[in-house]
Amino acid sequence: MSPLSKSLRLSQRVVATCVRQHSSLTNDLIENMDKKATWDRFYTENSSKATSFKNFEWFFGFDAVKDFIMPLLLNKSDPHALLQVLDMGCGTSALGPCIYKHSPVPVQVTCADISPIAVRLMQEHVRSKAIEPHNLSSQLEFIELDCTQLHKHFGSGSVDLIVDKGTTDALLRSKEGKGKAGLVLKECLKVLRGSGSLLQFSDEDPDARLLWLEAAALEQGVKAAEVGVQEVGELRGVCYYCYQVTPHHAV
């Protein structure tokens, strides 16, 4: 399947579930998913139509991917250390809060998004509906952050796990987003610990995504130590994958 047809398929799914009545917003999502203004408008319009808050899940929810995420947290050498977890491009997804809620080991979950509208909606939702963590030492926060500038919030080698559910896909399928996607990968590898991992959840075929990950890392002057893929499963006729990237740090 060509990149164009896959891009249209992705945009059509978003449109079908969220913006049936707004053709101009549809066009924004097809062409400008890398733009802050597009997502500010998306979350503003959708929240204004809803009678109550509802999480918007890109692709699928936590239950579909918990078996990819939780073992990486449980396998850390120090079970008492506060593990740093980033839900990158969180939007109004419940993914980050679910990691906070279900992790038996202590985690600092940072849910970050470029849209202050999405961040505010999530902050208000969590305040109104308190979430109890599995581990009482766990922490949860929502911040406005451009994922091409992770270094502004995270120190080098400070993050244990980054979860990317559709953020890189949105960038790669925008007219001007491919360069930003490469910068995001570079930032992820910079802030990850040597034992850390980046998980990208995507519907892009491995033949295309694996080549892009390897090429993009080299293009940004970064060498990825390892890039792997596992199949998540099929949902509504679409096959999804989990791409795991670990950083290479010189010794």
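Residues numbered from 1 in each chain as written. Predicted model: local features only at pLDDT ≥ 70, side-chain atom pairs only at ≥ 80, totals over all residues. Heavy atoms only, no water.

## Here's the deal with the overall build of the chain
For the chain, the count of helices and strands is 9 helices and 7 strands. In the chain, which comprises 251 residues, the proportion classed as buried is 51%. In the chain, once contacts between residues fewer than 6 apart in sequence are set aside, the share between residues at least 24 apart is 76%. Summed over all atoms, the accessible surface of the chain reaches about 11,900 Å², with 52% contributed by carbon and sulfur. (Helix = DSSP H or I, 4+ residues; strand = E, 2+ residues; numbered from the N terminus. Buried < 20%, exposed > 50% of the residue type's maximum accessible area, 1.4 Å probe, protein only. Contact = heavy atoms within 4.5 Å. Areas by Shrake-Rupley, 256 points an atom, 1.4 Å probe, with all protein chains shown as cover.)

## Side note on helix α8 (residues 178-191)
When the terminal C-alpha atoms of α8 are compared, their 20 Å separation across 14 residues agrees well with the 20 Å that a helix rising 1.5 Å per residue should span. Inspection of α8 places A181, G182, V184, L185, E187, C188, L189 and V191 among the buried residues, and these make up the whole buried set. On its buried face, α8 is in contact with β1 (83-88), β4 (159-165), α7 (167-172), β5 (192-202), α9 (206-219) and β7 (238-247). (Expected span 1.5 Å × (residues − 1).)

## Concerning helix α4 (residues 62-74)
For α4, spanning 13 residues, the distance from its first C-alpha to its last is 17 Å, which sits close to the expected 18 Å at 1.5 Å a residue. In α4, a bend of some 35° at F68 exceeds every other bend along the element, and P71, a proline, comes one to four places later. Burial in α4 covers these residues: F62, V65, F68, I69, M70 and L73. (Bend = angle between axes of the 7 residues up to and from the residue.)

## As for the confidence of the model for the chain
On average, residues of the chain score 86 in pLDDT, and 85% of them reach the 70 mark or higher. The spread of mean pLDDT over the elements of the chain runs between helix α1 (residues 3-18), the lowest at 46, and β1, the highest at 98. Segment residues 14-21: pLDDT under 50, and 16 contacts once partners within four positions in sequence are set aside and those in other chains are kept. (pLDDT = per-residue confidence, 0-100.)

## Brief notes about the packing of α8 against α9
When two helices pack together, their arrangement is captured by the angle between the axes and the distance separating the axes. At a closest axis distance of 9 Å, the pairing of α8 and α9 adopts a crossing angle of 75°. One way to sum up the angle between α8 and α9 is to call them roughly perpendicular. In this structure, α8 uses K178, A181, G182 and L185 to contact α9, whose residues at the interface are W212, L213, A216 and A217. In the contact of α8 with α9, the residues fall into 6 nonpolar, 1 polar and 1 charged. (Axes fitted to C-alpha atoms, helices over the stretch in contact; angles between N-to-C directions. Parallel < 35°, antiparallel > 145°, perpendicular 65-115°, else oblique. Nonpolar A, V, L, I, M, F, W, Y, C, P; charged D, E, K, R; others polar.)

## Observations concerning the packing of aromatic side chains
The geometry of an aromatic ring pair comes down to the distance between the two centres and the angle between the two planes. Using the criterion set out here, one finds 13 aromatic pairs in the structure. Relative to Y43, the ring of F42 lies with its centre 5.0 Å away and its plane at 85°, an arrangement referred to as edge-to-face. F42 sits in the buried class, given a relative accessible area of 1%. What makes Y43 buried here is its relative accessible area of 9%. Arranged with centres 5.1 Å apart and planes meeting at 85°, the rings of F60 and Y240 form a pair that is edge-to-face. With a gap of 180 residues between them, F60 in the loop between α3 (36-49) and α4 and Y240 in strand β7 connect regions that are remote in the sequence. Taking the relative accessible area as the measure of exposure, Y240 reaches 1% and is therefore buried. (Phe/Tyr/Trp six-rings, centres within 6.5 Å; stacked < 30°, edge-to-face > 60°.)

## Observations concerning the pattern of salt bridges
All told, the structure shown has 13 salt bridges when counted by the stated rule. The closest approach of N and O atoms between E124 and R120, which form a salt bridge, is 3.2 Å. With E124 and R120 both in helix α6 (residues 116-128) and 4 residues apart, the pair spans about one turn of that helix. Between D169 and R209 there is a salt bridge; the shortest N-O distance is 3.0 Å. (Salt bridge = Lys/Arg side-chain N within 4 Å of Asp/Glu carboxyl O.)

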